[in-house]
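# Topology and contacts: notes
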Amino acid sequence: MKYLIAEDEIDLQQSIAQYLTRDGNICEVASDYHEASDKIYIYDYDIIILDINLISGSGLDILKILKKEKKSAGVIIISANNSLNDKLEGLDLGADDYMTKPFHLAELNSRITAVLRRGKFGGKDLIEFHEISIDTKSRTAYVNGKSILLTKKEYDLLVFFISNKGRVLSKEIIAEHLWGDHSDLLDNFDFIYVHINNLRKKLTAEGAKYIKTAYGSGYKFIED
Amino acid sequence: MRKKTKLISKTSKNFLLTGLILTIFSSIVLYFYTKNLLQEEIEEELYSTEARVSDALENHKIVYSLPPVSEIKKVKKLRPEILKDTLIYDPSQDEMELFRELSTYKKIHDDYYHITIRTLVVESGSILLAIVISNISLFVLAFIFLFYFNTARNLKIWQPFFDNLEAMKKFSLTSKEALLLTDSDVLEFSDLKDQIEFLTSKVKVDYENLKQFTENISHEIQTPLAIIQAKIDNIINEHAINDLQFEQITSIQKDLQRLKQLNKKITTLTKIDNNQYVRMETISLTELIDEKIEDYKELDLHNIAHISNDELFIKMDPFLADILINNLVSNAIKHSSKNSSISILTEKQFLKVSNSGESSLIHPEKLHLRFYREDTNNRSTGLGLAIVRKICDLYGFKMSYHFEGHRHIFNIDFKNSN
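Residues numbered from 1 in each chain as written. Chains lettered and ligands numbered in written order. Predicted model: local features only at pLDDT ≥ 70, side-chain atom pairs only at ≥ 80, totals over all residues.

### Focus: the overall build of chain B
A tally of regular secondary structure across chain B gives eight helices and eleven strands. When burial is assessed residue by residue, chain B has 19% of its 418 residues classed as buried. A separation of at least 24 residues holds for 63% of the contacts in chain B among residues at least 6 apart in sequence. (Helix = DSSP H or I, 4+ residues; strand = E, 2+ residues; numbered from the N terminus. Buried ≥ 20, exposed ≤ 12 C-beta atoms within 10 Å, placed from the backbone. Contact = placed C-beta atoms within 7 Å.)

This is the structure in structure tokens:
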């Protein structure tokens, strides 16, 4: 996949690029409005990660160009401004998702895969990983064609794991993904362990042993 | 504290009191002065009559006695002159009358005479009374007139002061309305008005700056937070680190999460201050609470019981309604021990959230203050209830806290809200 990261904070831009390149994606970067607009005129991207407040212009104008040029890139807005208006305006102009800084790169990655999955790119509603396949429409998971019964959280967890396969996910990242702001109510993340363990058991029972422990307290979804 | 009196009634009271004292004092002075004057006149008259009588006797004229006004008697020897008051029966009026009496002894042509001259005092007494009464009435009339005149004038002079005082009472930092003050031709009042205008505009500007600053800070802080977050996410994936380092890094992540929450709450507070939540929708808080309880159930934290006697409908911004319920319930969760129950009660215009606790808060009046905490529970940002309070203030809800039966109880009364 080909990504464009339009973000004027070089450190953040590089960190995002570094994280996303690991899956073998091509990441191009743009550090200001002009660079970003030049690039989208010339090239086609699968995903554009767009900061709304670019130094020399607004990310919203980039969206307008994309719309005018009928570019089919999926756009995820990243903004320091948690304003509903910005969000609505961005989504109105054709952005696919909106994230408020700061965010976890794993979260960004799972949003990207969700955008890529959606029908807009002729994608299918199916996530596949070896013998595991997930129908995102009916929210059902199959192992070797056999459906396994998952709770809502276990399902979300599995999708999150597969989207970030091969990466270390700490309990904090997982908790934030599953419960958002409510996760700060938790004393400890012990009961995430319960959810993960249940999921692991259900998968292992069907022979899919992909959930591995990393560094003692983190998790990694990886093939043997 | 001393009793407060209104300015106008205070000055009026002083004025009337002075008037009363002046009237009494002047009447007393006038009474004695006039009385003295009259007495002198009477005595002068007595002496002059006596002189006429003795003159007539010297000239061998026959002088008749005319009791009680004058009596002339021959006596054997001379006695000292006496001037006194005496009561004499007046048959014509059938009563005792007060007379001033001068009795002298004179030797005229080798005869000794006792001459007694009297004059009626009653008459002068009435004159005295008339004078004093007219004095009092004059004074009273003058004071009443002056009182009304002064009060009316004072009211007019002080009016700009009172108007400005009212305007200041209504002054609010958060209000967009400008402070409208009345000018006056009284120099001091005009000065006062200028000073008030100067101070309030300075306070307003400072407040706006502070608000802007808070807004900017919380906005600016997000980018570095995002960078730290992204770098941490990369570190745990890219580098060969050991378990201990991983523990430490995820612990940093926890603190980062706290910082994020803090920042988010500050942003919410500033946005409420800036009146950025303007949507008005009728929301069923009862329903919202039920949804929230479902969310919390997944976290498997506490036993939350919700009793609804009547569905609670409130007109407010849906985002703020969500925050209101969220903060109240999460406050209850954070400050009660695990496995203890949290109960929520909704009525037509009333919401009650309670959780178990050891003892009452030490300073419940400080609950609405930002960053006020009574324990060092680091899960708490100290902003949740400040936000609840702010939302209540925004819509005119009344929030109260009390401790009863080992439970912290938070009530919100939605009556009289707009």
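Still to come is the rest of the account.
### Comments concerning the UniProt feature "transmembrane region" (unreviewed entry) in chain B
Residue and element names in this part refer to chain B. Following the UniProt record, the feature "transmembrane region" (unreviewed entry) maps to residues 12-33 and 127-149 here. For residues 12-33, helix accounts for 100% and strand for 0%, while the C-alpha atoms at its two ends are 31 Å apart. Annotated as residues 127-149, this span is 100% helix and 0% strand, and its ends, taken at the C-alpha atoms, are 32 Å apart. (UniProt positions renumbered as here; feature names shortened; annotations may be inferred.)

### With respect to the interface of chain B and chain A
Each partner contributes residues to the interface: chain B has 32 residues there, and chain A has 32 residues. Among the secondary structure elements, those contributing two or more residues to the side of chain B that touches chain A are α4 (222-238), α5 (243-273), α6 (285-299) and α7 (318-334) of chain B. When residues of the side of chain B that touches chain A are assigned to their parent elements, the largest contribution, twelve residues, is made by α4 of chain B. A breakdown of the residues in the side of chain B that touches chain A according to their chemical character gives nine nonpolar, twelve polar and eleven charged. (Nonpolar A, V, L, I, M, F, W, Y, C, P; charged D, E, K, R; others polar.)

### Focus on the packing of helix α1 (residues 10-21) of chain A against helix α5 (residues 105-117) of chain A
A pair of packed helices can be characterised by two numbers: the angle between their axes and the separation between those axes. All names here are of chain A. Contact geometry for α1 and α5: axes closest at 10 Å, N-to-C directions at 60°. What the angle tells us is that α1 and α5 run oblique. Once α1 is placed against α5, the crossing between them reads as right-handed. Residue-level inspection shows I16, Y19 and L20 of α1 in contact with α5, the latter providing L105, L108 and N109. Classifying every residue of the contact of α1 with α5 by side-chain character gives five nonpolar, one polar and no charged. (Axes fitted to C-alpha atoms, helices over the stretch in contact; angles between N-to-C directions. Parallel < 35°, antiparallel > 145°, perpendicular 65-115°, else oblique. Left-handed = near helix turned anticlockwise from the far one by under 90°.)

### A closer look at the sheet that holds strand β1 (residues 70-75) of chain B
Residues and elements named next belong to chain B. Strand order across the open sheet formed by four strands is β1-β4-β3-β2, with antiparallel pairing between neighbours. Looking at which strands have only one partner, the edges of the open sheet turn out to be β1 and β2 (82-90). Put simply, the sheet's adjacent strands are angled 30° from each other on average, direction ignored. Note that β1 and strand β4 (residues 111-120) share six bridges and pair antiparallel. Each bridged residue has a counterpart across the sheet, and for K74 the counterpart in β4 is Y113. (Pairing = 2+ DSSP bridges.)

### Observations concerning the packing of helix α2 (residues 33-42) of chain A against helix α3 (residues 59-68) of chain A
All names here are of chain A. At a closest axis distance of 10 Å, the pairing of α2 and α3 adopts a crossing angle of 15°. By the angle class used here, α2 and α3 are roughly parallel. The element α2 and its partner α3 pack so that their crossing is right-handed. In contact with A36, S37 and I40 of α2, α3 contributes I62, I65 and L66. Tallied by class, the residues present in the contact of α2 with α3 amount to five nonpolar, one polar and no charged.

### Quick notes on the nonpolar core
The biggest cluster of nonpolar side chains holds 62 residues, and the ones touching the most others in it are A6, I49 and L50 of chain A. Examining the composition of this core, we find that six residues originate from one element, helix α6 (residues 152-163) of chain A, more than from any other. (Core = buried A, V, L, I, M, F, W, Y, C linked by C-beta atoms within 7 Å.)

### Quick word on the sheet that holds strand β10 (residues 398-404) of chain B
All names here are of chain B. Strand order in the open sheet formed by five strands is β6-β8-β9-β11-β10, with mixed pairing between adjacent strands. If you trace the sheet from one side to the other, it starts and ends with β6 (303-308) and β10, each paired once. Pairs of neighbouring strands in the sheet enclose a mean axial angle of 15°, with direction left out of account. As judged from the six bridges shared by β6 and strand β8 (residues 341-347), these two strands associate in the parallel manner. Each residue of the ladder has a partner; that of I304, found in β8, is I342. Lying over the sheet, α7 contacts β8, β9 (350-356) and β11 (407-413), oriented at roughly 15° with respect to β9.

### Things to note about α5 of chain B
Given a rise of 1.5 Å per residue, 31 residues ought to cover 45 Å, and the 45 Å separating the end C-alpha atoms of α5 of chain B matches this to within 8%. In this fold, the buried residues of α5 of chain B make contact with α7 (171-179) of chain A together with α3 (187-220), α4, α7 and α8 (384-395) of chain B. Looking one or two residues past α5 of chain B, N275 of chain B carries a phi angle of roughly 55°, positive in sign. (Expected span 1.5 Å × (residues − 1).)

### Here we look at the pairing of strand β9 (residues 132-135) of chain A
Residues and elements named next belong to chain A. Taking every second residue as pointing to the same face, the buried face of β9 carries I132 and I134, while none of S133 and D135 on the other face is buried. As consecutive antiparallel partners, strand β8 (residues 126-129) and β9 are separated by two residues, and within that stretch H130 has a phi angle of approximately 50°, a positive value. Sheet topology places β9 next to strand β10 (residues 140-143); four bridges connect them, and they run antiparallel. Paired with I132 across the bridge in β10 is V143. Following β9, the chain reverses through four residues before pairing antiparallel with β10; R139 in that reversal takes a positive phi of roughly 55°.

### Regarding the environment of Y105 of chain B
Residues and elements named next belong to chain B. With respect to the helices and strands, Y105 occurs in strand β3 (residues 95-108). Along the backbone, Y105 and I72 are 33 residues apart, and their C-alpha atoms lie at a distance of 9.8 Å. Ignoring anything within four residues of it in the chain, the contact list for Y105 reads V75, L78, R79, Y112 and H114.

### Structural notes on the pairing of strand β2 (residues 26-30) of chain A
All names here are of chain A. Relative to β2, strand β1 (residues 2-6) is paired through five bridges, and the arrangement is parallel. Its bridge partner being in β2, A6 is matched across the sheet by A30. What joins β1 to β2 is α1, and the crossover it makes is right-handed. (Right-handed = clockwise from strand over helix to strand, strands pointing away.)

### Some details on α7 of chain A
Extensive coverage of α7 of chain A is indicated by the burial of seven of its nine residues. Listed in full, the buried residues belonging to α7 of chain A are K171, E172, I173, I174, A175, E176 and H177 of chain A. Of the surrounding elements, those touching the buried residues of α7 of chain A are α5, α6, β12 (168-169) and α8 (190-205) of chain A together with α5 of chain B. Just downstream of α7 of chain A, G180 of chain A is the residue with a positive phi angle, here 55°.

### Focus: the environment of L192 of chain B
Residues and elements named next belong to chain B. Within the secondary structure, L192 sits in helix α3. Since 17 C-beta atoms lie within 10 Å of it, L192 is described here as partly exposed. Taking the C-alpha atoms as reference, L192 lies 9.4 Å from N164; in sequence the two are 28 residues apart.

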